[in-house]
Amino acid sequence: MTTLIRESIKEEIKRNSTDVIALRRHFHQYPEASLKEFETIKRIKEELNKLAIPFEEVGETSVLGTIEGKKGSGKTIVLRADIDALELEDATGKEYQSKNPGLNHACGHDGHAAALLGAAKVLKNREDEFSGTIKLAFQPAEEIGAGARQFVEGGFVENVDQVFGIHLDSNVPVGKLVATKGATNASCDIFKIEVEGLSSHVAQPNVGRDAVLAAASIVVELQKIAAREVSPLDPVVVGIGVLDAGTRYNIVANHARIEGTVRAFSHETRAFVLKRVEEIAKQIAEAHRTKIASFHIHDAAGPLINDDTATELAQKVATEIVGSDNVVTDYTKSLGADDFADFLLKAPGVYGRVGTRNLDNPDTQYGHHHEKFDIDEAGLALATEFHVGYALTYLSLNE
């Protein structure tokens, strides 16, 4: 991309910045939970219609917009933004604080949606300047791992050559952009184990089959997977969040419920650990003369693994936007998951990050999923430019 084009894009984004901020604040005031983003997607459709960008509906609360380059056919790239909020009170105290009780855009998805709409306007205005196709995926339900698969299972990511997404990040100073090769986010699988025992009076434990003891033993044994069955150089989490059993202090419990999660950075390790969780649960239950009544795994997200070539391109684009000193290429891995991983299973691409932490403003330094989470809105212009720059640069390489 020539210097002249880059500067004209920067100028347009600067002119549009007030509108992007206003959109972000609108979405922040009216957050909606996963798979319930009805008003959010309605507003997004209105904005796409204003821009004369055609779109098709994906499920009930998502759309895929399309911008066709007028210079001819070429590659196809998908730009993605997630749009759902969290079930969390908003304690920011700002004028744009959530008006929907118990709901809060405390992960930055309001900014993701606004920045992609800002990018859509810039890209639509330049449709005469590029060949190929740019798809705009406004995706629901990232927080529960149910949104990206609507695009994948619906066939909307077939025949796509590249995917690109960004996440605002309160751990990264505003003015910095992140693009890191390889695995950056862990997978997320949620398992539920039902242990079936046999009731008896605690004075006659030999008559019963203690589901509490069996479940407690399962919990302890599962911790040994990461400690003894996986390389210490391969980070893995087997976490238990729920152990629920029993009805009364003097009754041997006949039922126990365990809920937990597995996190891993590779497909191979993920599969191995999940297999061992099931095997160990069944073996320990049998050793206690109880049984596993049910074992269920919910696939929330796979490991998010950035393509090397795509990441190098993102680093180049980021350098053109903020300068090499402000590009982070070795960002710390996160055991938090993101279902953008589902897009990356269909096409090579990269998931970048955009700093929103202002070192002089404590309000922008809260972690994601905190009730006071907020951003330095100067990061929105950089998020917009990252989308635009990556898409146009990628398509120009293939003209």
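Just so you know, these numbers come straight off a predicted model, no measurement behind them.

## Some details on the environment of Thr 329
On the secondary structure map, Thr 329 appears in the loop between strand S15 (327-328) and helix H8 (340-344). Separated by 151 residues in sequence, Thr 329 and Val 178 have C-alpha atoms that sit 6.1 Å apart.

## Section: the side chain of Asp 189
Among the secondary structure elements, Asp 189 is positioned in strand S8 (residues 188-196). For Asp 189, a relative accessible area of 2% corresponds to the buried category. Looking at Asp 189, its side chain comes within polar contact range of the side chain of Arg 270, at 2.6 Å. Once residues lying within four places of it in the same chain are set aside, the contact partners of Asp 189 are Gly 260, Thr 261, Val 262, Arg 270, Leu 274, Ile 297, His 298 and Asp 299.

## A few points about the environment of Gly 111
Tracing the chain through its elements places Gly 111 in helix H3 (residues 109-125). What makes Gly 111 buried here is its relative accessible area of 0%.

## Brief notes about the packing of helix H1 (residues 3-29) against H3
Direction vectors running N to C along H1 and H3 enclose 145 degrees, while the axes themselves pass 8 Å from each other. Classified by chirality, the crossing of H3 by H1 is right-handed. From H1, Ile 9, Glu 12, Ile 13, Asn 16, Asp 19, Val 20, Leu 23, Arg 24, Phe 27 and His 28 reach across to H3, where they touch Asp 110, Gly 111, Ala 113, Ala 114, Ala 115, Leu 117, Gly 118, Lys 121, Val 122 and Asn 125. In the contact of H1 with H3, the residues fall into 10 nonpolar, 5 polar and 5 charged.

## As for H3
A rise of 1.5 Å per residue sets the reference length of H3, with its 17 residues, at 24 Å; its end C-alpha atoms lie 25 Å apart and thus fit the reference within 8%. In terms of burial, H3 is largely enclosed, as 15 of its 17 residues are buried.

## Some details on empty space enclosed by the protein
Following the criterion strictly, the structure yields 2 cavities of 30 Å³ or more and no others. Size it by volume and the largest cavity reaches roughly 100 Å³. The wall of the largest cavity is formed by Val 178, Thr 180, Thr 184, Asn 185, Asn 306, Tyr 331, Thr 332, Lys 333, Ser 334, Tyr 351, Gly 352 and Arg 353. Of all elements in the fold, only strand S7 (182-185) and strand S16 (349-357) reach the threshold of two or more residues within the lining of the largest cavity. Per element, the largest residue contribution to the lining of the largest cavity is 3 residues, and it comes from S16. Split by residue class, the lining of the largest cavity holds 3 nonpolar, 7 polar and 2 charged. By volume, the second largest cavity is sized at about 60 Å³. Met 1, Arg 6, Ile 9, Val 317, Glu 320, Ile 321, Glu 385, Gly 389 and Thr 393 together form the lining of the second largest cavity. In terms of residue class, the lining of the second largest cavity is made up of 4 nonpolar, 2 polar and 3 charged.

Conventions we followed
Residues numbered from 1 in each chain as written. Predicted model: local features only at pLDDT ≥ 70, side-chain atom pairs only at ≥ 80, totals over all residues. Heavy atoms only, no water. Helix = DSSP H or I, 4+ residues; strand = E, 2+ residues; numbered from the N terminus. Buried < 20%, exposed > 50% of the residue type's maximum accessible area, 1.4 Å probe, protein only. Polar contact = N/O pair within 3.5 Å; in protein donor to acceptor, adjacent residues only side chain to side chain. Contact = heavy atoms within 4.5 Å. Axes fitted to C-alpha atoms, helices over the stretch in contact; angles between N-to-C directions. Left-handed = near helix turned anticlockwise from the far one by under 90°. Nonpolar A, V, L, I, M, F, W, Y, C, P; charged D, E, K, R; others polar. Expected span 1.5 Å × (residues − 1). 1 Å grid on protein atoms, 1.4 Å probe; cavity = no way out; pocket = protein on both sides within 12 Å on 5 of 7 lines; lining within 4 Å. Points joined across faces, edges and corners; volume = space filled by probe spheres on them.

All quantities given are derived from atomic positions and should not be read as evidence of function.
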